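Single-letter residue listing:
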Amino acid sequence: MKVEKRHIRSFRVHPLGFYYLVLSSGEVTRRLHVYSENADFSADNTWHTHEFDLDSNVLAGSIKNYIAEFVPDREANLKEFSVTYDDGRSILHETGRLGAISEVVNFTCGAGQHYFIKAGTIHRAKNIDSPCVTHVRMRHQGQKIFSYGSEESPFLRRQVSDAESSEVFEILRENDLIAF
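We now turn to the structure provided with this report.

Rules used in this analysis
- Residues numbered from 1 in each chain as written.
- Predicted model: local features only at pLDDT ≥ 70, side-chain atom pairs only at ≥ 80, totals over all residues.
- Heavy atoms only, no water.
- Helix = DSSP H or I, 4+ residues; strand = E, 2+ residues; numbered from the N terminus.
- Buried < 20%, exposed > 50% of the residue type's maximum accessible area, 1.4 Å probe, protein only.
- Polar contact = N/O pair within 3.5 Å; in protein donor to acceptor, adjacent residues only side chain to side chain.
- Contact = heavy atoms within 4.5 Å.
- Phe/Tyr/Trp six-rings, centres within 6.5 Å; stacked < 30°, edge-to-face > 60°.
- Core = buried A, V, L, I, M, F, W, Y, C linked by side-chain atoms within 4.5 Å.

### With respect to the side chain of Asn127
For step 1, the next point in the chain: For Asn127, the location among the structural elements is in strand E10 (residues 122-140).
For step 2, the next point in the chain: The exposure class of Asn127 is buried, given its relative accessible area of 17%.
For step 3, the next point in the chain: A polar contact is formed between the side chain of Asn127 and the side chain of Ser130, at a distance of 2.3 Å.
For step 4, the next point in the chain: What Asn127 contacts, discounting residues up to four positions off in sequence, is Tyr35, Ser62, Ile63 and Cys132.

### Describing the packing of aromatic side chains
For step 1, the next point in the chain: Applying the stated criterion across every chain yields a total of five aromatic pairs.
For step 2, the next point in the chain: Taking the centre distance of 5.5 Å and the plane angle of 70° together, the rings of Phe11 and Phe169 count as edge-to-face. Separated by 158 residues along the polypeptide, Phe11 in strand E2 (residues 10-14) and Phe169 in helix H1 (residues 162-174) bring together distant segments of the chain. Here the two residues Phe11 and Phe169 agree in accessibility, since each one is buried.
For step 3, the next point in the chain: With 4.9 Å between their ring centres and 45° between their planes, Phe18 and Tyr35 make a pair best called tilted.

### Details of the nonpolar core
For step 1, the next point in the chain: Ranked by internal contacts, the top residues of the largest apolar core, which has 18 residues, are Leu21, Val34, Val133 and Leu172.
For step 2, the next point in the chain: Elements with a contribution of two residues or more to this core: E2, strand E3 (18-24), strand E4 (28-35) and H1.
For step 3, the next point in the chain: For this core, the element with the most residues is H1, which contributes four residues.
For step 4, the next point in the chain: Apart from the residues lying within four places of it in its own chain, the contact partners of Val34 are Phe18, Tyr19, Leu21, Cys132, Val133, Val168, Ile171 and Leu172.
For step 5, the next point in the chain: Listed in part, the 16 residues of the second largest apolar core include Phe52, Leu54, Val58 and Ile63.

Dropping the structure here:
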């Protein structure tokens with residue numbers, strides 16, 4: 001897959017530690033996710049759900065996904081948050097539920113492999129081989145979004161800096177994933 005630079009609609013920093021380039025939006029949104037060794041902006045609340053079905057192809061590097069369930073426990077210190085968006089910010093709201101995360105399964109996918117995560121599934125991802133680039137198709141399902149962690153921490157999905165942009169475009173060039 002090769003993306004034409006002119007098809008990139010926006011280019012932002014994601015709170016979960018990667019850059020994302022929006023290629024199209026609508027009922028199905030298409031993005032490139034680029035995980036870099038230099039990304040140092042990852043949020044503490046990495047366990048989360050999506051309101052969409054996530055269908056992803058790994059184009060470079062490798063990524064490990066962890067699937068889990070939330071186990072309610074009033075004595076635990078892990079909080080459940082519902083997530084909303086406002087003006088480019090992820091806003092977390094405590095639901096009042098406490099509990100623990102219990103990992104169900106994990107799997108690693110490398111370049112040329114595909115994975116699917118259903119809307120509402122609790123998961124987190126970590127790039128294993130950097131840089132890692134994935135082509136993601138998100139079919140919106142309207143599910144409520146949750147995050148799990150110890151504190152509320154809003155995050156601005158800001159535009160990338162010039163230095164970040166240069167780094168990401170170099171990663172895409174090196175992996176023959178972009179046409180100018």
